[in-house]
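# Understanding the architecture of this molecule
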There are 2 protein chains.
Amino acid sequence: MSIKTIQEIRAFNRFYTDLIGLLNKHLLNSAYSLSEVRVMYEINTAREAQASHIMSAMDIDKSYLSRILKKLEKDRLIARKASEQDGRAIVLSLTGKGEKLFKELTNATEDQIGGLISHLNSKQQQALVAHMQAIRKILQDN
Amino acid sequence: MSIKTIQEIRAFNRFYTDLIGLLNKHLLNSAYSLSEVRVMYEINTAREAQASHIMSAMDIDKSYLSRILKKLEKDRLIARKASEQDGRAIVLSLTGKGEKLFKELTNATEDQIGGLISHLNSKQQQALVAHMQAIRKILQDN
DNA sequence: TTTATTTAGTGGACTTTGTCCACTAAAAAT
DNA sequence: ATTTTTAGTGGACAAAGTCCACTAAATAAA
């Protein structure tokens, strides 16, 4: 394992951290924080999500999550109902309003990514995606 | 520009955000925050850095930076001296203690990255780095 | 089956992180 | 000479995140 390899990875981490930070910064004019949106994402993706699932998926503090859910519920973006299998658990779902907002945020993000790659030709775009998939595959487990 | 392309990039962004988040989480047992360490990094890299330079490099609020510098100076990790060319500006540098700490933090991070790729064989590691370099090259400007 | 333990979630109190704005002082522009 | 811009500081606050004690249900152990 060469030091050069590690330094190259760290350089990429800095580069990509900055890039994502930049992208996120612009999205933060929304009334919802990254964590809040990510919670909506988890609920939308899991369909019938439980708080404990989101907690481990996001590696987030449970009391913090509890507060986020409270806010989202207050804004009528999510609904909670008691689980039938487990009396302690609560099943979460996006409301119509929540789905609508989530879709808007998704569109905004997609536009932004679109802008990021708009100056690339089709071949470059395909190459970019291929590199990303390759990295994910290599690092997948662990 | 295909929607599939954009979604693939977003999937990578989520993946990499989580990965970096995980790496960072473990480093945050240090007495210094990511931003503070990044400030040290900028000072160390620039040699004779000015606050305004760090501000734009990190895209960070100037008052926030001012406070970070105050803390680092109080801990004798950085030194400030008035710029000779510009009476408003202050030239920053790491002290010996600062360099030592920064080196320790760097080593810890490198070890961590090492752990991340330790289960990969040499060929896989080289491929990983190559993909990262390719992505950086493609996205470099903008 | 009652008693202990684990799991799911809430809320109080707090720290850390980051932002906004008004300010001083020097430099540069008009 | 006066205005405007640039560099940095500090007060006051908001947002984000953590720690801990708690309730209540589910599961395991005696």
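The preceding data block contains the structure.
For the structure given in this document, a descriptive report is provided here. This is a predicted model, so every value here is computed, not measured.

When helices and strands are tallied, chain A shows six helices and three strands. Along chain A, from the amino end to the carboxyl end, the secondary structure elements read α-α-β-α-α-β-β-α-α. Rg of the C-alpha trace for chain A: 18 Å, well past the compact-globule value of 14 Å for 142 residues, more than 25% over. Counting only C-alpha atoms and orienting by the principal axes, one finds that chain A spans roughly 55 × 35 × 25 Å. Each of the 142 residues in chain A was classed as buried or not, and the buried ones make up 17%. Counted over contacts in chain A with a minimum sequence separation of 6, partners at least 24 positions apart contribute 45%.

The second copy of the chain is related to the first by a rotation about an axis and a shift along the axis. When chain B is fitted to chain A, the residual RMSD is 0.0 Å, and the transformation amounts to a turn of 180° plus an axial shift of 0.0 Å. Taken together, the rotation angle and the small translation identify this as a two-fold axis. Minimal C-alpha distance to the rotation axis in chain B is attained by His131 of chain B, lying at 2.6 Å. Comparing interface residues between copies, 100% of those in chain B also sit at the interface in chain A, which points to an isologous, same-surface contact.

All names here are of chain A. Position of Arg38 relative to the elements: it lies in helix H2 (residues 34-46). By C-beta crowding, Arg38 is classed as partly exposed, having 19 other C-beta atoms within 10 Å. Expressed as a C-alpha distance, the spacing of Arg38 and Ser118, which sit 80 residues apart in the sequence, is 25 Å.

Turning our eyes to something else, we now look at the interface of chain B and chain A. Size of an interface: often given as the accessible area lost when the parts come together. Counting residues at the interface gives 35 residues for chain B and 35 residues for chain A. Where the side of chain B that touches chain A is concerned, the elements lending two or more residues are helix H1 (3-27), helix H5 (96-117) and helix H6 (122-139) of chain B. Examining the composition of the side of chain B that touches chain A, we find that 13 residues originate from one element, H6 of chain B, more than from any other. For the side of chain B that touches chain A, the residue count by class is 19 nonpolar, twelve polar and four charged.

Here we come to the protein's contact with DNA strand D. By nearness alone, 19 residues border DNA strand D, and Ser33, Tyr64 and Gly87 of chain A together with Ser52 and Ser63 of chain B come closest of all. Counting only elements with at least two residues in the surface near DNA strand D, the list comes to helix H4 (62-74) of chain A together with helix H3 (51-58) and helix H4 (62-74) of chain B. Here the surface near DNA strand D takes five residues from H4 of chain B, the largest share from any one element. Residue composition of the surface near DNA strand D, by class: five nonpolar, eight polar and six charged.

Residues and elements named next belong to chain A. Pairing is antiparallel in the open sheet, where three strands are placed in the order E1-E3-E2. Strand pairing shows two members of the sheet lacking a second neighbour, strand E1 (49-50) and strand E2 (78-82), which therefore form its edges. Pairing between E1 and strand E3 (residues 90-94): two bridges, direction antiparallel. Pairing of Gln50 across the sheet is with Val91, part of E3.

Close contacts around DNA strand C come from 20 residues, with Ser52 and Ser63 of chain A together with Ser63, Tyr64 and Gly87 of chain B the closest. Those elements that place two or more of their residues in the surface near DNA strand C are helix H3 (51-58) and H4 of chain A together with H4 of chain B. Sorting elements by how many residues they give to the surface near DNA strand C places H4 of chain A first, with five residues. Among the residues forming the surface near DNA strand C, the class breakdown is six nonpolar, eight polar and six charged.

What follows deals with the packing of helix H2 (residues 34-46) of chain B against H3 of chain B. Residue and element names in this part refer to chain B. One way to put it is that H2 packs onto H3 with a least axis distance of 10 Å and a crossing angle of 120°. As summarised for this structure, H2 and H3 are arranged oblique, according to the angle between their axes. Here H2 runs over H3; the crossing is right-handed. Listed contacts from H3 to Arg38, Val39, Glu42 and Ala46 of H2 are His53, Ile54, Ala57 and Met58. Of the residues belonging to the contact of H2 with H3, the class tally is five nonpolar, one polar and two charged.

Residues and elements named next belong to chain B. The three strands lie next to each other as E1-E3-E2, forming an open sheet whose pairing is antiparallel. The open sheet has two edge strands, strand E1 (49-50) and strand E2 (78-82), and neither has a second partner. Sheet strands touched by H2: E1, E2 and strand E3 (90-94). Its angle to E3, the strand with the most contacts, is close to 100°.

Thresholds applied
Residues numbered from 1 in each chain as written. Chains lettered and ligands numbered in written order. Predicted model: local features only at pLDDT ≥ 70, side-chain atom pairs only at ≥ 80, totals over all residues. Helix = DSSP H or I, 4+ residues; strand = E, 2+ residues; numbered from the N terminus. Rg over C-alpha atoms; globule rule 2.2 N^0.38 Å. Buried ≥ 20, exposed ≤ 12 C-beta atoms within 10 Å, placed from the backbone. Contact = placed C-beta atoms within 7 Å. Least-squares fit on C-alpha atoms with pLDDT ≥ 70 in both. Nonpolar A, V, L, I, M, F, W, Y, C, P; charged D, E, K, R; others polar. Near = placed C-beta within 6 Å. Pairing = 2+ DSSP bridges. Axes fitted to C-alpha atoms, helices over the stretch in contact; angles between N-to-C directions. Parallel < 35°, antiparallel > 145°, perpendicular 65-115°, else oblique. Left-handed = near helix turned anticlockwise from the far one by under 90°.

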